[in-house]
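# Report on the structure
What follows is each chain in one-letter form.
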Amino acid sequence: VQLQASGGGLVQAGDSLRLSCAASGRTLSNYAMGWFRQSPGKEREFVAAITWNSGRTLYADSVKGRFTISRDNAKNTVYLQMNVLKPEDTAVYSCAASPTYYTTTSDSSLYRYWGQGTQVTVSS
């Protein structure tokens, strides 16, 4: 599976962005999907995950209530709607696919395929 994230940009605190992760090569419906982020000098951080049929979602505490993960298997695309953005949300956001399609996980080692990230910068 090839994954490509897009939709990042420079926004002000309080603004919204929607990231997209488009897949090619295989159908995304065989995978659970996750979003991770990494800031300079920091470890990669889990953001959100969703099962293959959108039946279950999982969020990091830092984004719960502000971010929403969703997917459209017909379009082979996963989304991350980010609202009320904060400067601490600034990072490179990457999407990833996990073959354990029936569950959500924050463990990055369980994700098999990774896409190149998209930069999100939130100014104060």
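The structure contained in this document is the topic of the report that follows. (Residues numbered from 1 in each chain as written. Predicted model: local features only at pLDDT ≥ 70, side-chain atom pairs only at ≥ 80, totals over all residues. Heavy atoms only, no water.)

Before going further, it helps to spend a moment on the side chain of Ser 98. You can see Ser 98 is positioned in strand β9 (residues 91-98). We classify Ser 98 as buried; its relative accessible area is 1%. Among the polar contacts listed, one links the side chain of Ser 98 to the side chain of Thr 100, at a separation of 2.7 Å. With residues up to four places along the chain from it excluded, the contact list for Ser 98 reads Asn 30, Tyr 31, Ala 32, Leu 110, Tyr 111 and Arg 112. (Helix = DSSP H or I, 4+ residues; strand = E, 2+ residues; numbered from the N terminus. Buried < 20%, exposed > 50% of the residue type's maximum accessible area, 1.4 Å probe, protein only. Polar contact = N/O pair within 3.5 Å; in protein donor to acceptor, adjacent residues only side chain to side chain. Contact = heavy atoms within 4.5 Å.)

For the structure on display, the rule yields seven aromatic pairs. A ring pair is formed by Phe 36 and Trp 114, whose centres lie 5.0 Å apart and whose planes are at 50 degrees; its orientation type is tilted. Within this pair, whereas Phe 36 is found in strand β4 (residues 32-38), its partner Trp 114 is found in strand β10 (residues 113-114), the two being separated by 78 residues in sequence. Taking relative accessible area as the criterion, Phe 36 reaches 2% and is therefore assigned buried. Site record: aromatic cluster; members linked through ring pairs are Phe 36, Phe 46, Tyr 111 and Trp 114. In this arrangement the basic side chain of Arg 44 is found over the ring face of Trp 114, its NZ or CZ atom lying 4.0 Å from the centre. (Phe/Tyr/Trp six-rings, centres within 6.5 Å; stacked < 30°, edge-to-face > 60°. Lys NZ or Arg CZ within 6 Å of the ring centre and 35° of its normal.)

Looking now at the pairing of strand β3 (residues 17-24). Bridging between strand β1 (residues 2-6) and β3 involves five bridges; their strand directions are antiparallel. Bridging across to β3, Ser 6 finds its partner in Ser 20. Note: β3 against strand β8 (residues 77-82), six bridges, orientation antiparallel. Residue pairing across strands places Leu 19 opposite Leu 80, the latter belonging to β8. (Pairing = 2+ DSSP bridges.)

Before going further, it helps to spend a moment on the nonpolar core. Membership of the largest hydrophobic core comes to 36 residues, with the highest contact counts inside it found for Leu 3, Met 33, Trp 35, Leu 80, Met 82 and Tyr 93. Contributions of two or more residues to this core are made by β1, β3, β4, β5 (45-50), β7 (67-72), β8, β9 and β11 (118-123). (Core = buried A, V, L, I, M, F, W, Y, C linked by side-chain atoms within 4.5 Å.)

A few words now on the pattern of salt bridges. Scanning all chains against the criterion turns up four salt bridges. The residue Lys 64 makes a salt bridge to Asp 61 at a minimum N-O spacing of 3.1 Å. Note on Asp 61: relative accessible area 66%, which makes it exposed. The residue Arg 66 makes a salt bridge to Asp 89 at a minimum N-O spacing of 2.7 Å. Of the two residues, Arg 66 sits in the loop between β6 (57-59) and β7 while Asp 89 sits in the loop between β8 and β9, which places them 23 residues apart along the sequence. Look at Arg 66 and you get buried, because its relative accessible area is 10%. Overall, the relative accessible area of 0% leaves Asp 89 in the buried class. Salt bridges here are not isolated pairs; linked through shared partners, they connect Arg 37, Glu 45, Arg 66 and Asp 89. (Salt bridge = Lys/Arg side-chain N within 4 Å of Asp/Glu carboxyl O.)

No statement about biological role is implied by the geometric values presented.
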